[in-house]
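Report on the structure
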Amino acid sequence: MMDNDLTQYLDYALIAMLLAVGFAIVRLRNLFAVVMLTGVYSLLSAAWFVSLDAVDVAFTEAAVGAGISTVLMLGAMLLTARESEPAGQKRHWAALAVVAAAGAALFFAIPDMPVYGDPNSPANAYVGMDYMDRTPNEIGVPNVVTAVLASYRGYDTFGETVVIFTAALGVMLLLGFGTGRREDEEEDEA
Amino acid sequence: MSPHLILRVVSKLLIPMIVVFGFYVQFHGDFGPGGGFQAGVIVAAAVILYALIFGMEEARKAIPPVVARIGAATGVLLYAGVGVATLFMNGAGEPLNFLDYDALHPDQGHHTGQHYGILLVELGVLCTVASVMLAIFYAFAGRVPDIRDEDW
Amino acid sequence: MLDILIERFNYIPIIILMMTGLYVIIATGNLVKRLVGLSLFQTSVFLLYITIGKVFGGQPPILVDSGHGEDAGHGAETAAHGAETAAGYGADAAHYAADTAHYAAEAVYSNPLPHVLILTAIVVGVATLAVGLALVVRIRESYGTIEDDALNAADYSLETGSSE
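Quick look at the structure, then. (Residues numbered from 1 in each chain as written. Chains lettered and ligands numbered in written order. Predicted model: local features only at pLDDT ≥ 70, side-chain atom pairs only at ≥ 80, totals over all residues. Heavy atoms only, no water.)

Some details on a nonpolar patch on the surface
Where nonpolar side chains cluster on the molecular surface, the patch consists of B:I6, B:V10, B:L14 and B:M17 and spans about 410 Å² of accessible area. Positionally, B:V10 belongs in helix α1 (residues 5-27). (Patch = residues over 30% accessible without salt bridge, like charges linked within 9 Å, V, L, I, M, F, W, Y side chains within 5 Å. Areas by Shrake-Rupley, 256 points an atom, 1.4 Å probe, with all protein chains shown as cover. Salt bridge = Lys/Arg side-chain N within 4 Å of Asp/Glu carboxyl O. Helix = DSSP H or I, 4+ residues; strand = E, 2+ residues; numbered from the N terminus.)

Quick look at helix α2 (residues 36-54) of chain B
All names here are of chain B. For α2, built from 19 residues, the straight-helix expectation of 27 Å at 1.5 Å per residue is met to within 8% by its first-to-last C-alpha distance of 27 Å. Counting buried residues in α2 gives 15 out of 19 residues, a clear majority hidden from the surface. G55 occupies a position one or two residues after α2 and carries a positive phi of about 100°. (Expected span 1.5 Å × (residues − 1). Buried < 20%, exposed > 50% of the residue type's maximum accessible area, 1.4 Å probe, protein only.)

Some thoughts on the packing of aromatic side chains
A complete count under the given rule lists 11 aromatic pairs over all chains for this structure. On the numbers, 6.4 Å between centres and 40° between planes, the contact of B:F137 with B:Y138 is tilted. Each member of the pair, B:F137 as well as B:Y138, carries the same accessibility label: buried. An aromatic cluster is present here, built from A:Y9, A:Y12, A:Y116, C:F9 and C:F56 joined pairwise through their rings. Residue placement shows B:R69 over the ring face of A:F177; its charged tip is 3.8 Å from the ring centre. (Phe/Tyr/Trp six-rings, centres within 6.5 Å; stacked < 30°, edge-to-face > 60°. Lys NZ or Arg CZ within 6 Å of the ring centre and 35° of its normal.)

Some details on the pattern of salt bridges
With the rule as written, the count across this model stands at 12 salt bridges over all chains. A salt bridge links C:K54 to A:D53; the nearest nitrogen and oxygen atoms lie 3.2 Å apart. Separated into two different chains, C:K54 in the loop between α3 (31-53) and α4 (66-80) and A:D53 in the loop between α2 (31-51) and α3 (55-79) make up a pair that spans both. Across the pair A:R91 and C:D148 runs a salt bridge whose closest N-O atoms are separated by 2.7 Å.

Some thoughts on the interface of chain C and chain A
Chain C puts 85 residues into the contact, and the matching count from chain A is 84 residues. Both faces considered, chain C and chain A share a buried interface measuring about 8,200 Å² in area, 78% of it formed by carbon and sulfur atoms. When the buried area of chain C at its contact with chain A is split by residue, C:F9, C:Y23 and C:F56 rank highest and sum to 9% of it. The tally of links between chain C and chain A comes to three salt bridges. Our count for the chain C to chain A interface comes out at 24 residue pairs in polar contact (both at pLDDT 80 or more). Contributions of two or more residues to the side of chain C that touches chain A are made by α1 (2-6), α2 (11-27), α3, α4, α5 (86-106), α6 (112-143) and α7 (148-160) of chain C. The dominant element in the side of chain C that touches chain A, judged by the number of residues it contributes, is α6(C), at 23 residues. Here the residues of the side of chain C that touches chain A are counted per class, giving 55 nonpolar, 19 polar and 11 charged. (Contact = heavy atoms within 4.5 Å. Buried area = accessible area lost by both parts, 1.4 Å probe. Polar contact = N/O pair within 3.5 Å; in protein donor to acceptor, adjacent residues only side chain to side chain. Nonpolar A, V, L, I, M, F, W, Y, C, P; charged D, E, K, R; others polar.)

Following this line, the structure appears as structure tokens:
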């Protein structure tokens, strides 16, 4: 860790807030509060993304996670329920057992993970940095994330576009087109 | 008199700004953070704000749901079309590559083909993402809630 | 052992957040809150990827230096002298590349690859969330509840024909 880097304290503060919001989401039963806290959680993680140099990701997370998905969840909540039932004791302990086992397994794996901020770790040494070196010569776009997204991995992005198109298709098949003519149509059918 | 006068006035000022900011994010995506995904979500958010403030009927009048449906398909077709175009625009003897933007323009020195390709592809992404988010929002908002407001 | 954990401190809160999401998914019967738990889990996986791509003292992976300004200069130049030889372009490009390489040698950037992967994952995440919420809305309309115990009971009474 870099001792003279003051932004690490910002990171610690953001981590503490993320944990607090996460635990609050577990405890609360009012779905409105839960959904709003999910938006807060997304915004906090977006702030941490900025600190981690992922400005594009932070932008997307702030717009999508804190914006659109909160609106969608509020809309769905409006159509479903306001409160969630409290979890039964049996269920609580079963969940705790699963979580403890999975968490212990993940903690066991930590020593094998790359060191935080290490420029020579396997994750950072090969293809990612290769894109940094090649983009000025091959694409000529300053934002390397855009270059990789749209050009080197254009195939992937095409797939993602088709996926969200398919998601819209699925939602429209399930809920209708939202033309506001549902009642009339139902009367016609009846 | 509407109960949300301040909201209405402020959002009337804000919504064009949000859309302009969305397009800034779109076209500045090569040089700074941004791109089709973020811009699409921002443009959709502007319409969703309009729907929240002025009501679903007004929003449906401004942007009919059919526009969102057609836009979603158009974006995917534009993206795929760029890929197919690069297949056919390659010179004789060149390998045929889907989404190989260098084929779009002969000027290899300044990567003009790459710039065109990224621009077109990001436009397709913008179109799809904005339309899909809007279509999903319309689909949810078009349902009639059967919980009464007193239950809040 | 403690050293190993301290230099990998970022994974500890991320794992706790992941397990928080997993707990919400298992322990709550409410389908909307379960989707909230899924998105908690999802966001912590995003954090995991992005922290792996962080490089100490790095900048965001945007080549912001005179390379960009020079590129604009190229544009003006191209507009002025519409017809330049291919050789001239080549020399320009080589110059530009060398210049950018010079800056790239000085600046340290974080790894852009996780950013790209997670960028698309976020948008796909909201799309799948929307499909999940649509399913929940339909379940609410058919069954009148979104608690999974009540749903099981309704299914059971439907199968056995009994009222309870």
